[in-house]
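Structural overview
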Amino acid sequence: MSSTSTAIETRDHVMARAKSESLISPRFYTTDYKAMDKLDMSPLRAEWDAMLAEYEGDNNHDHFTRDESFTSEIRELPPELKQEFLDFLISSITSEFSGCVLYNEIRKHVDNPDIKALMTYLTRDESRHAAFINLSLRDYGLGVDLANLKATKSYTYFKPKYIFYATYLSEKIGYARYITIFRQLERHPELRFHPIFRWFERWCNDEFRHGESFALMMRAQPHLLRGANLLWVRFFLLAVYATMFVRDHTRPMLHQAMGLDADAYDYKVFDITTEITRQVFPLSLDTDSPRFRAGLSKLVDCSLAYTKAKARGGLVGRLQQAGQAVRAAATFVGLYLHPVKRHDLPAQIRVAPSW
Ligand SMILES: [Fe+2]
Ligand SMILES: [Fe+2]
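The shown structure was predicted, so the numbers you read here are calculated from the model rather than taken from an experiment.

1. Remarks on the overall build of the chain
If you tally the helices and strands in the chain, you get 14 helices and 4 strands. Computed over the C-alpha atoms, the radius of gyration of the chain is 20 Å, within 12% of the 20 Å expected from 2.2 N^0.38 for a compact globule of 355 residues. Each principal axis of the C-alpha distribution contributes one length, and for the chain these read about 55 × 50 × 40 Å. Here the chain holds 355 residues, and the buried ones make up 35% of them. Excluding contacts between residues fewer than 6 apart, the proportion of contacts in the chain whose partners are at least 24 apart in sequence is 81%.

In structure tokens, the structure reads:
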């Protein structure tokens, strides 16, 4: 956490953080349920039914309970690391629960049996994930009141196509983030400063499968993946990558404690995500380009300077905030216009979680 943010010490602080509306904090969504109800999965019947059967099998039904050694592995963390870890838990639980709420609302509003079945499984998985993280906040005498969050957090309306792009990407990038952390701590168990990371391998396979579902839904509507819609694909790729990059760079200690440098970690996550997204998107961001990387670093600078200006307050602070916002927007546009890589979509849609 940057030094200018308020420390997380009470349940009220936790709720304030979970409800925060900054550009990089996780959001809650609503959508057009009638349009969702009309989705026709029959063009991909075989793949779709195979996927629903995997959910039905529920191979993680026994995963989200703690084992005996869990509590004994919880240690006292240095104060700064503890703050960043709490922030990580709160933003993770908020995004898990955001999925849970959205999927559950879609489930309630549709009659289409394909979509209803999928949304029931997704809600089941995300509610397990959110509840499991909440147990770890409870160890610190904290916790997110999920019912309260559902009732009081503000919601953003997204057309179904934006839901597809954004949700697909957040599921896949979620997989890439959890598996990268898991593999690093598998190699360096001495750096595993909290037992929750032991759960990430089977956990991220849920996220991977959630992403597969959205991949099938997009491939069943090919117009979403060509023509002018590719401008939206490009936008969502950049928005999701840039948000993650900025957010991770406000928690440098968390990555250092795991022996990961925030830059190296994020670029590794981008590589994995980009490789997976070739299943649906005929373009990808050139995250290896030095100019692209310089743009992302500049966004981090803008964000830190913005936070500092906000803490300063007064007229000067407000002017500085406005200046940083304009600088960030211009940088984002520059990144958006950076040339992308193009490729054909594969005939075989499904990908295996092999990272
Ligand atoms: Fe999840
Ligand atoms: Fe998920």
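2. Considerations on the packing of helix 1 (residues 11-19) against helix 5 (residues 79-109)
In the contact formed by helix 1 and helix 5, the axes pass within 9 Å of each other and the chain directions differ by 55 degrees. Looking at the two axes, helix 1 sits oblique to helix 5. Crossing hand, helix 1 versus helix 5: right-handed. Of the residues in helix 5, those touching helix 1 at Val14, Arg17 and Ala18 are Asp87, Ile90 and Thr94. The class makeup of the residues in the contact of helix 1 with helix 5 is 3 nonpolar, 1 polar and 2 charged.

3. Here's the deal with the nonpolar core
Judged by nonpolar contacts, the single largest core of 47 residues is most densely connected at Tyr168, Tyr178, Phe182, Phe200, Cys204, Tyr241 and Ala242. Contributing elements (two or more residues each) for this core: helix 8 (160-187), helix 9 (200-219), helix 10 (229-249), helix 12 (262-277), helix 13 (290-312) and helix 14 (314-337). At 14 residues, helix 8 tops the list of elements feeding residues into this core. Every residue in contact with tyrosine 178, bar those within four places of it in the chain, is listed here: Phe200, Trp203, Cys204 and Glu207. Grouped together as the second largest cluster of nonpolar side chains are 27 residues, Ile8, Cys100, Ile133 and Leu149 included.

4. Description of unusual backbone geometry
Phi at aspartate 58 takes a positive value of approximately 50 degrees, unusual for a residue other than glycine. Note on placement: aspartate 58 falls in the loop between helix 3 (45-57) and helix 4 (69-72). Overall, the presence of 13 C-beta atoms within 10 Å leaves aspartate 58 in the partly exposed class.

5. A word on the packing of helix 5 against helix 6 (residues 113-138)
The N-to-C vectors of helix 5 and helix 6 enclose an angle of 155 degrees; their axes lie 8 Å apart at closest approach. As far as their axial angle goes, helix 6 and helix 5 are roughly antiparallel. You can see that helix 5 and helix 6 cross each other, and the crossing is left-handed.

6. Overview of helix 6
Its 26 residues give helix 6 an end-to-end C-alpha distance of 37 Å, which sits within 8% of 38 Å, the value for a rise of 1.5 Å per residue. In this structure, the buried residues of helix 6 make contact with helix 2 (33-37), helix 3, helix 5, helix 7 (146-152) and helix 9.

7. Remarks on the environment of leucine 146
Relative to the helices and strands, leucine 146 resides in helix 7. Residues leucine 146 and alanine 18, spaced 128 residues apart in sequence, show a C-alpha to C-alpha distance of 9.7 Å. Excluding anything up to four places from it in sequence, leucine 146 contacts Phe97 and Ala130.

8. A look at the confidence of the model for the chain
Chain-level pLDDT for the chain is 94 on average; 99% of the residues reach the 70-or-more range. For the chain, helix 11 (residues 252-257) is the element with the lowest average pLDDT, namely 91, and strand 3 (residues 283-284) is the one with the highest, namely 98.

9. Structural notes on the environment of isoleucine 106
Note that isoleucine 106 resides in helix 5. A count of 25 C-beta atoms within 10 Å places isoleucine 106 in the buried class. Each C-alpha atom, one on isoleucine 106 and one on glycine 227, is 28 Å from the other, the two residues being 121 residues apart in sequence. In this structure, isoleucine 106 is in contact with Tyr33, Met36, Ile115 and Met119, ignoring residues within four places of it in sequence.

10. Description of the environment of valine 101
Looking at where valine 101 falls in the secondary structure, it is placed in helix 5. Spatially, the C-alpha atoms of valine 101 and glutamate 126 are 8.8 Å apart, while their sequence positions differ by 25 residues. Valine 101 has contacts with Phe28 and Lys150, leaving out every residue within four places of it along the chain.

So, how was this worked out
- Residues numbered from 1 in each chain as written.
- Chains lettered and ligands numbered in written order.
- Predicted model: local features only at pLDDT ≥ 70, side-chain atom pairs only at ≥ 80, totals over all residues.
- Helix = DSSP H or I, 4+ residues; strand = E, 2+ residues; numbered from the N terminus.
- Rg over C-alpha atoms; globule rule 2.2 N^0.38 Å.
- Buried ≥ 20, exposed ≤ 12 C-beta atoms within 10 Å, placed from the backbone.
- Contact = placed C-beta atoms within 7 Å.
- Axes fitted to C-alpha atoms, helices over the stretch in contact; angles between N-to-C directions.
- Parallel < 35°, antiparallel > 145°, perpendicular 65-115°, else oblique.
- Left-handed = near helix turned anticlockwise from the far one by under 90°.
- Nonpolar A, V, L, I, M, F, W, Y, C, P; charged D, E, K, R; others polar.
- Core = buried A, V, L, I, M, F, W, Y, C linked by C-beta atoms within 7 Å.
- Expected span 1.5 Å × (residues − 1).
- pLDDT = per-residue confidence, 0-100.

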